[in-house]
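Summary of structural features
Residues per chain, in single letters:
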Amino acid sequence: SKCFLSKTRRLKMIRYIPVLKSKVTSFRALRQLKTESKVKVTPLFEIVPKTEDDLIKNLRANLHESAEFFVDFLFFDGNPEVSSLLISKINECVSYKFSPIPIWGPDRTPEYLKGINTLLEQGIKKIGIRLPSDLFLPENEEEIVNSVFELFASRGLEIYVILDFESLNEGNSAIYVAQSV
């Protein structure tokens, strides 16, 4: 199905995106999905402190080698080392033949964006843009979508726009994702 967020950008819906913390139980839950369900899911892993060192081990134990997934280092944003952590973990995933899609949002720090830009310079071809619901109001829709696409679209990327409605549900995330076409 197609979704039109503005007159200048056409987006289409993609698969189910569960938002999961990078904990062992989340990885195990994915492993237990039936095969016909697994092909319809692209998980978004929020990397939480004290789990970043186990990321590859958990991916290798619970996902197939070429698995595609979103990776968000939201909980490390504000840490002066977020850029190097983001770069090293995404590169490590790629070295193990996984297909990570890094997440960025307009509310992220310049240090976080620095890491994203480095990954793009290294050849990452896909990016997820996570927009919190409080930033995505109907009157701002075209301005936000156009500014995000200006920042990344000129690089020939496949862009996934992720509308996060967590704040509307007091902690229960509802995610809406569209993909550039």
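Described below are features of the structure shown in this document. The shown structure was predicted, so the numbers you read here are calculated from the model rather than taken from an experiment.

This part covers the overall build of the chain. Within the chain, the regular secondary structure consists of six helices and nine strands. Expressed as a percentage of the 181 residues in the chain, the buried residues total 45%. A separation threshold of at least 6 residues defines the contact pool for the chain, and within that pool the share at least 24 residues apart is 73%. Of the roughly 9,600 Å² of accessible surface on the chain, a fraction of 51% belongs to carbon and sulfur atoms.

What follows deals with the nonpolar core. Grouped together as the largest cluster of nonpolar side chains are 40 residues, with contacts concentrated most on Phe45, Leu59, Phe69 and Phe152. Elements that contribute at least two residues to this core include exactly α1 (24–31), α3 (55–62), β5 (68–72), α4 (82–95), α5 (110–121), β7 (126–132), α6 (141–152) and β8 (158–164). In terms of residue count, the dominant contributor to this core is α4 (six residues). Among residues more than four places away in sequence, those in contact with Phe152 are Trp104, Leu113, Ile116, Leu120, Ile127, Ile129, Leu157 and Ile159.

Another point: the side chain of Ser26. Along the polypeptide, Ser26 turns up in helix α1. For Ser26, a relative accessible area of 12% corresponds to the buried category. If we ignore the near neighbours within four places in the chain, the residues touching Ser26 are Leu20 and Lys21.

What follows deals with empty space enclosed by the protein. Summed over the entire model, instances satisfying the criterion amount to one cavity of 30 Å³ or more. Quantified by volume, the largest cavity comes out at close to 30 Å³. Lining the largest cavity are Ile129, Leu131, Ile144, Val145, Val148 and Val161. Counting residues per element, the lining of the largest cavity draws most heavily on α6, which supplies three residues. Taken together, the residues that form the lining of the largest cavity break down as six nonpolar, no polar and no charged.

The next subject is the pattern of salt bridges. The final tally for this structure, using the stated rule, is eight salt bridges. Between Lys57 and Asp54 there is a salt bridge, and its shortest N-O distance comes to 3.9 Å. Accessibility expressed as a relative area gives 32% for Asp54, which makes it partly exposed. Across the pair Asp72 and Arg108 runs a salt bridge, and its minimum N-O distance is 2.8 Å. Taken together, the residues span a long stretch of sequence, with Asp72 in strand β5 and Arg108 in the loop between β6 (99–104) and α5 at a distance of 36 residues.

About the criteria used
Residues numbered from 1 in each chain as written. Predicted model: local features only at pLDDT ≥ 70, side-chain atom pairs only at ≥ 80, totals over all residues. Heavy atoms only, no water. Helix = DSSP H or I, 4+ residues; strand = E, 2+ residues; numbered from the N terminus. Buried < 20%, exposed > 50% of the residue type's maximum accessible area, 1.4 Å probe, protein only. Contact = heavy atoms within 4.5 Å. Areas by Shrake-Rupley, 256 points an atom, 1.4 Å probe, with all protein chains shown as cover. Core = buried A, V, L, I, M, F, W, Y, C linked by side-chain atoms within 4.5 Å. 1 Å grid on protein atoms, 1.4 Å probe; cavity = no way out; pocket = protein on both sides within 12 Å on 5 of 7 lines; lining within 4 Å. Points joined across faces, edges and corners; volume = space filled by probe spheres on them. Nonpolar A, V, L, I, M, F, W, Y, C, P; charged D, E, K, R; others polar. Salt bridge = Lys/Arg side-chain N within 4 Å of Asp/Glu carboxyl O.

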